[in-house]
Amino acid sequence: MTTSPLTDAQLATQPAAYWTGLAYEALIAFTRERQAEHGFTQPQFRLLRNLSANDLSADGRGMTIPELREAMRSYLRPEDDLTTAAHTLVEQGRLRLDDEGLLWITEAGEAARLELKRYAPAIRARIHEGIDDADYVTTLKVLRQMLRNTGRPVD
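1. Some remarks on the overall build of the protein chain
Scanning the protein chain from N- to C-terminus turns up 8 helices and 2 strands. Sequence-ordered secondary structure for the protein chain, helices as α and strands as β, is α-α-α-α-α-β-β-α-α-α. Its C-alpha atoms give the protein chain a radius of gyration of 19 Å, more than 25% over the compact-globule value 15 Å for 155 residues. Across its three principal directions, the C-alpha atoms of the protein chain cover 60 × 35 × 30 Å. Out of the 155 residues belonging to the protein chain, those deemed buried represent 26%.

Shown next, in the form of structure tokens:
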């Protein structure tokens, strides 16, 4: 069965939540699949980023799993197991666990974070292929306005 592309008038009646939900799931799955091809998981990368003074951590101090879970609450997925991801990184020498239960990034962890970060531009480029920056910006502006219209903060 062949379907015709939707007209602009038909697209204007489509539910945004449906399409943003599909996009969210597809983009997360695509990103995680590309990361897995390079031998790491998104939770592992996020742990390294959140513990690095050169990335998301303001001071590079150690954190517990519950503190990390709280820091990452806006982008963790239900299937993300930070305890297992952290344990793997400790076994690899990329994190160390101190006597107080704080995780710290090691030199090897910082090197791994930088290595993993190298793949992000290629993943982004693949996702953005065929999309003008102006169209992308317009899309984000529309989504941000929809959030404001529903009483959600955007910044």
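Once you've had a look at it, read on.
2. Looking at helix α6 (residues 107-117)
Turning to α6, its buried residues are G109, E110, A112, R113 and L116. When α6 is viewed along its axis, its buried side chains cluster within an angular range of 160 degrees and face the same direction. Packing partners of the buried residues in α6 comprise α3 (42-51), β2 (103-105) and α7 (120-128).

3. Looking at the pattern of salt bridges
Scanning all chains against the criterion turns up 12 salt bridges. Residue D80 is joined to R32 by a salt bridge in which the shortest nitrogen-to-oxygen separation is 2.8 Å. One end of the pair, D80, is in the loop between α4 (65-71) and α5 (82-91); the other, R32, is in helix α2 (residues 16-37), with 48 residues separating them in the sequence. For the residue pair D80 and R32, the accessibility class agrees, reading buried in each case. With a shortest N-O distance of 3.8 Å, R34 and E33 are connected by a salt bridge. Under the relative-accessibility criterion, R34 is labelled buried at 18%. When its relative accessible area of 44% is taken as the criterion, E33 is described as partly exposed.

4. Some words on the packing of aromatic side chains
Tallying each qualifying case throughout the model produces 3 aromatic pairs. Taken together, a centroid distance of 5.0 Å and an interplanar angle of 80 degrees make the contact between Y18 and W19 edge-to-face. You can call Y18 partly exposed: its relative accessible area is 46%. Centroid distance F40 to F45: 5.8 Å. Interplanar angle 65 degrees. Geometry classified as edge-to-face. On the basis of relative accessible area, F40 is assigned to the buried category, the value being 4%.

5. Here's the deal with α3
Helical periodicity: at 3.6 residues per turn, an α-helix aligns residues three or four positions apart in one direction. Among the 10 residues of α3, 8 are classified as buried, and the element is accordingly described as predominantly covered. Among all positions of α3, only Q42, P43, Q44, F45, L47, L48, N50 and L51 are buried. For α3, the secondary structure elements touched by its buried residues are α2, α4, α5, β1 (95-97), β2 and α6.

6. With respect to the environment of A85
With respect to the helices, strands and loops of the structure, A85 is situated in helix α5. Aside from chain neighbours lying at most four places away, what touches A85 is P43, Q44 and L47.

7. Concerning the packing of α3 against α5
When two helices pack together, their arrangement is captured by the angle between the axes and the distance separating the axes. Contact geometry for α3 and α5: axes closest at 9 Å, N-to-C directions at 70 degrees. Classified by the angle their axes make, α3 and α5 are roughly perpendicular. Contact with α3, carried on its side by P43, Q44, L47 and L48, involves L82, A85, A86, T88 and L89 of α5 and no other residues of that element.

What counts and what doesn't
By convention here, each chain's residues receive numbers from 1 onward along its written sequence. Per-residue local features are limited, in this predicted model, to residues with pLDDT of at least 70; the limit for side-chain atom pairs, both in listing and counting, is 80 or more; totals at the level of whole chains, interfaces and linings are taken over all residues. For the side-chain quantities, the full set of heavy atoms in the structure was used; hydrogens and water were omitted. Counting from the N terminus, the helices are DSSP H or I runs at least four residues long and the strands are E runs at least two residues long. Computation of the radius of gyration draws on C-alpha atoms alone. For the globule rule, the value is 2.2 Å times the number of residues to the power 0.38. A 1.4 Å probe rolled over the protein chains alone gives each residue an accessible area, and that area as a share of the maximum for its type sets the label: buried under 20%, exposed over 50%, partly exposed in between. Directions pointing from the helix axis toward each C-beta atom define the arc. Throughout, a contact is declared for two residues whenever any of their heavy atoms are within 4.5 Å. Throughout this description, the term salt bridge denotes a Lys or Arg side-chain nitrogen within 4 Å of a carboxyl oxygen of Asp or Glu. Working definition: a ring pair exists when centres of Phe, Tyr or Trp rings (six-membered ring for Trp) sit within 6.5 Å. Plane angles under 30 degrees give stacked, over 60 give edge-to-face, the rest tilted. Here the axes come from fitting lines to C-alpha atoms, over the contacting stretch only for helices, and the angles between their N-to-C directions go from 0 to 180 degrees. Under this scheme an angle from 65 to 115 degrees is roughly perpendicular, one under 35 degrees roughly parallel, and one over 145 degrees roughly antiparallel; angles in between are oblique.

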